[in-house]
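Listed below, chain by chain, are the residues.
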Amino acid sequence: MPTPHLSAFRFNIVAALAFLLSLSGCRRSSFPDVPAGYREYAYISNGGSNTVTVLDLVYLRQDRTLQVGANPTNLAVNPARNEIYVANAQSGTISVIDAETNRVVATISVHRQPYFITVDPTGHRAYVANYGSNSVSILDLDRRREVSVAGAGEQPIQTHISSDGRTLVITNHGSGSVSLLDVTPYDSAKPSSGTAIHLRSTFSGCPGAADTVILPDSSKAFVACSAGHQVMAVSLTAAAGSWAAKQNPSLTSDHMLALLDVGKTPVHLAMKPDGGEIFVSNFDSDSFSEIATWTNEVGGTYAIGNRPVRGIVSRDNSMLWVANTGADSIGLYSIDDGKLAGSVRTGSGPDALAFSEDEHLLLAADTHSGDVALIRTAGKQGPALFTILPAGISPNSIAIKAIREK
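An unreviewed UniProt entry annotates the protein chain as YVTN family beta-propeller protein originating from Tunturiibacter lichenicola.

Set out below in structure tokens:
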């Protein structure tokens, strides 16, 4: 059996070769072909260098580095147009990146310490959690400006909009609470619509409220209570006059369903695309917990690695990938088989994860080493590190955008 020092030496050699490869770039000839004119980019926000790194995922090389505001913390993709949005916490601004030209084309002023931004399903509105001013900014993305501000709890850290565009879920990290806001869905016949927003419900009892997922049918939200070692399940109000509301009167109001015991310090929730299960990364217990969303029950908690911080589930609902920041690796869990399926080495301190459009690559932002590990998800020998590309200081978020010639 090789000694730990020898294993580390071999990994360093692999990483060095991968880095040299990244300097020249290479078309991913061992991957499926892409159509003529197809472009795909990964955008990585670097909190310590006030930049966004743009990676070309067709030629697997660094495309450029963009200067944005101070301390960028989060990225969001517009589903309807080729734009990326960057929350700059220290500057109090949102940078707008045109993905066609990979240039910063606008800067939108918001409030103190914007930490997180989410875009609604239509691509016309965005919602920004202003951590330092206890508020949420509503942005008109057509005119690139703030059009309204709503109050939140103390230190809002995330905003998430339901797929039906009716409910905005805000996690208030400082006050340990969850705010639900009524949103008027955007109406293309009335471009001024979608800016009305008001508080609908508040739920306390979620210490260190952090990450959130909303089920695809907009019926429930789940919130990681990182300081309480629990996950809160909340039923969301059904649309007035809908079949669900008529069949079940209890669905005419928001209500808490359960507080589910998971591992220590749950920091991230990864949902299967079909919405059937949620996987909770428990940072301080080196584990993940599996939640059945239909019954609001914890199916089990399992060891996964050292300091798990982030998870992501494959499009076919079969595989969970978990970033173990303390082990410099990605742990794999086969959902169908209910067992661990191996691990893949990364750079130092992997955190944010994202799949390429075709899911043949998994990207992991390595917070400590300032680079991005590109992992081949399928191959003759199974998942493996393909290359490592440079980023900036403390990369913390990844957004993927594919552009197809019309």
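A. Region of the structure containing the sheet that holds strand β21 (residues 277-282). One open sheet holds the four strands; their spatial order is β20-β21-β22-β23, and the pairing between them is antiparallel. Each edge of the open sheet is held by one strand with a lone partner, namely β20 (266-271) and β23 (297-303). Between one strand axis and the next, the sheet turns through 25° on average, direction left out of account. Note that β21 and strand β22 (residues 287-292) share six bridges and pair antiparallel. Opposite Ser281, over in β22, you have Phe288 as the bridge partner.

B. Molecular detail of the environment of Arg61. One can find Arg61 in strand β3 (residues 61-67). Once the C-alpha coordinates of Arg61 and Ile388 are considered, the two residues, 327 residues apart in sequence, prove to be 9.4 Å apart.

C. Examining the layout of surface pockets more closely. Looking at the second largest pocket, its volume works out to about 470 Å³. If you go around the second largest pocket, you meet 24 residues; those closest to its centre are Asp217, Ser218, Ser219, Lys220 and Leu251. Per-class residue counts for the lining of the second largest pocket are nine nonpolar, 10 polar and five charged.

D. The packing of aromatic side chains, seen in detail. Inspection of every chain in the model, using the stated rule, returns seven aromatic pairs. Relative to Tyr131, the ring of Tyr115 has its centre 6.1 Å away and its plane inclined at 40°; by these criteria the two rings are tilted. Of the two residues, Tyr115 is situated in strand β8 (residues 114-119) and Tyr131 in the loop between β9 (125-130) and β10 (135-140); the sequence distance between them amounts to 16 residues. According to the relative accessible area criterion, Tyr115 is partly exposed, its value standing at 34%. Taking the relative accessible area as the measure of exposure, Tyr131 reaches 22% and is therefore partly exposed. By way of ring pairs, the aromatic residues Phe279, Phe288, Tyr302 and Tyr333 are connected into one cluster.

E. Quick peek at the state of the cysteines. Inspection of the entire model under this criterion finds one disulfide. What pairs with Cys206 in a disulfide is Cys225, and their sulfur atoms sit 2.0 Å apart. Residues Cys206 and Cys225 share a disulfide whose torsion about the S-S bond is about -105°; that sign makes it left-handed. With Cys206 in the loop between β15 (197-203) and β16 (209-214) and Cys225 in strand β17 (residues 220-225), the pair connects residues that are 19 residues apart, well separated along the chain. Look at Cys206 and you get buried, because its relative accessible area is 0%.

F. Geometry of the pattern of salt bridges. Within the structure shown, the criterion is met by 17 salt bridges. The residue Arg166 makes a salt bridge to Asp164 at a minimum N-O spacing of 3.4 Å. Arg166 gets classed as buried once you look at its relative accessible area, which sits at 17%. Of the charged contacts, one joins Lys272 and Glu277 as a salt bridge, the two residues approaching to 3.2 Å between their closest N and O atoms. Residue classification places Lys272 among the buried positions, given a relative accessible area of 11%.

G. Structural view of the pairing of strand β13 (residues 167-172). Burial analysis of β13 places six of its six residues in the buried class, which makes it a mostly covered element. Along β13, one buried face is formed by Thr167, Val169 and Thr171 and the opposite face, lined by Leu168, Ile170 and Asn172, is buried too. Pairing between strand β12 (residues 156-161) and β13: five bridges, direction antiparallel. Residue Gln158 lies in a different strand from β13, and its bridge partner there is Thr171.

Rules behind the numbers
- Counting of residues starts from 1 at the beginning of each chain's written sequence and follows it residue by residue.
- Only residues with pLDDT of at least 70 are given local features in this predicted model, and only at 80 or more are side-chain atom pairs given and counted; all residues enter the totals for whole chains, interfaces and linings.
- To obtain the side-chain values, all non-hydrogen atoms of the structure were used and water was disregarded.
- Pairing between two strands is assigned when DSSP locates at least 2 bridges connecting them.
- Counting from the N terminus, the helices are DSSP H or I runs at least four residues long and the strands are E runs at least two residues long.
- To get an axis, fit a line to the C-alpha atoms, keeping to the stretch in contact for a helix; angles then go from 0 to 180 degrees between the N-to-C directions.
- Site definitions follow a grid-based scheme: protein atoms alone, a 1 Å grid, a 1.4 Å probe that fits but cannot get out for cavities, and for pockets an open set with protein on both sides within 12 Å along at least five of seven lines, plus lining residues having an atom within 4 Å of a point.
- Grid points are joined across faces, edges and corners, and a volume is the space filled by probe spheres set on the points.
- Throughout, the ten residues Ala, Val, Leu, Ile, Met, Phe, Trp, Tyr, Cys and Pro are labelled nonpolar, Asp, Glu, Lys and Arg are labelled charged, and all others, Gly among them, are labelled polar.
- Centre distance within 6.5 Å is the pairing criterion for rings of Phe, Tyr and Trp, where only the six-membered ring of Trp is used; planes under 30 degrees apart are then read as stacked, over 60 as edge-to-face, and the remainder as tilted.
- In this scheme, a residue with accessible area under 20% of its type's maximum is buried, one over 50% is exposed, and one in between is partly exposed, where area comes from a 1.4 Å probe on protein chains only.
- Note that a disulfide, as used here, is simply two cysteine sulfur atoms within 2.5 Å.
- When a carboxyl oxygen of Asp or Glu lies within 4 Å of a side-chain nitrogen of Lys or Arg, that pair is called a salt bridge.

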